[in-house]
Amino acid sequence: MTVHIGAEPGQIAETVLMPGDPLRAEWAANTFLDDPVCVNRVRGMLGFTGTWKGNRVTIHGSGMGMPSLSIYANELIRDYGAKTLIRIGSCGAMQEHVGIRDVIVAMTASSLSTPSRGIFRELNFAPCADYGLLNAAVEAAKGTGATCHVGGIYSSDVFYDERPDLTEMMTRHGILGVEMEAAELYNLAARHGVRALAVLTVSDHLLTQEALPSEDRQSSFGDMVQIALEAAFS
Ligand SMILES: O=P(O)(O)O[C@H]1O[C@H](CO)[C@@H](O)[C@H]1O
Ligand SMILES: O=c1cc[nH]c(=O)[nH]1
């Protein structure tokens, strides 16, 4: 047990899928895993371990924002031995050609700041996905009905942004979408020598103002879960 995760030693799998929403973790575990067991309830941050095609998998919430994800990812890697961490998140689209419910596989994640900034100091570290996972996710996406985009995303510290100039700048530079955790997940994976990827589903569109309801964000983004599972065990 750690400060934030109540699982016993051995109850967390080496492969962990991490949605921001703990209720998405519960939905995904009940929908995709065989024999899911709840292994964490501390602070309501639900985690479940089960099997997918015979492979052990944990699906554990990260909470919203990089400081929250950092707590869970650190404990999962350092205390429970997680080796592959795949974020399964929602995001806002920042390009006209990216639509609601499309899937984005994040090669890299720009940010204004991350919790690792104090460690990197003057270094402008470029967080990047594990190439093997990324390649496998792109292949897996071809077998789903999802339209899949691959490229850079933006990991923001805020959901309610007040910098339209920054959004415009990122759109002009090809950033596909905005979310709030991937950059720090990639930083931590690099630091600890483990594999990481973010597979995202577009829930909002920053250019058209379209937005899906919370129930859809919680319990309907199955393509990204399927892609993440296939990538993890390819
Ligand atoms: O749907 P999740 O995975 O939580 O991801 C996105 O949704 C939350 C904001 O609504 C942030 O965590 C953002 O990264
Ligand atoms: O962080 C997020 C997630 C979904 N949609 C957004 O606009 N931002």
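Computed from a predicted structure; not experimentally measured.

(A) How the structure looks around the site of ligand 1. Within the structure, ligand 1 sits among Pro 19, Gly 20, Asp 21, Met 64, Gly 89, Ser 90, Phe 159, Glu 179, Met 180, Glu 181 and Arg 217. In the shell around ligand 1, the residues fall into four nonpolar, three polar and four charged.

(B) Fine view of the nonpolar core. In this structure, Ile 86, Ala 137, Val 199 and Ala 228 are the most contacted members of the largest nonpolar core, which totals 72 residues. Sort the elements by how many residues they give to this core and helix 8 (residues 222–232) lands first, with seven residues. Apart from the residues lying within four places of it in its own chain, the contact partners of Val 199 are Ile 86, Arg 87, Ile 88, Val 103, Val 105, Ala 137, Met 224, Ile 227 and Ala 228.

(C) View of the pairing of strand 3 (residues 47–52). Of the pairings in the sheet, the one linking strand 2 (residues 34–40) to strand 3 comprises four bridges and is antiparallel in character. Bridge assignment links Asn 40 to a residue of strand 3, and that residue is Gly 47. Where strand 3 meets strand 4 (residues 55–60), six bridges bridge the pair, whose relative direction is antiparallel. Paired with Thr 51 across the strands is Arg 56, a residue of strand 4. Here strand 3 folds back onto strand 4 in antiparallel fashion, the turn holding two residues, of which Lys 53 has a positive phi close to 50°.

(D) Looking closely at the UniProt feature "site: Important for catalytic activity" (unreviewed entry) in the chain. As annotated in UniProt, the feature "site: Important for catalytic activity" (unreviewed entry) corresponds to Arg 217 in the numbering used here. Among residues more than four places away in sequence, those in contact with Arg 217 are Asp 21, Ser 90, Ser 203 and Leu 212.

Conventions we followed
- Residues numbered from 1 in each chain as written.
- Chains lettered and ligands numbered in written order.
- Predicted model: local features only at pLDDT ≥ 70, side-chain atom pairs only at ≥ 80, totals over all residues.
- Near = placed C-beta within 6 Å.
- Nonpolar A, V, L, I, M, F, W, Y, C, P; charged D, E, K, R; others polar.
- Core = buried A, V, L, I, M, F, W, Y, C linked by C-beta atoms within 7 Å.
- Buried ≥ 20, exposed ≤ 12 C-beta atoms within 10 Å, placed from the backbone.
- Helix = DSSP H or I, 4+ residues; strand = E, 2+ residues; numbered from the N terminus.
- Contact = placed C-beta atoms within 7 Å.
- Pairing = 2+ DSSP bridges.
- UniProt positions renumbered as here; feature names shortened; annotations may be inferred.

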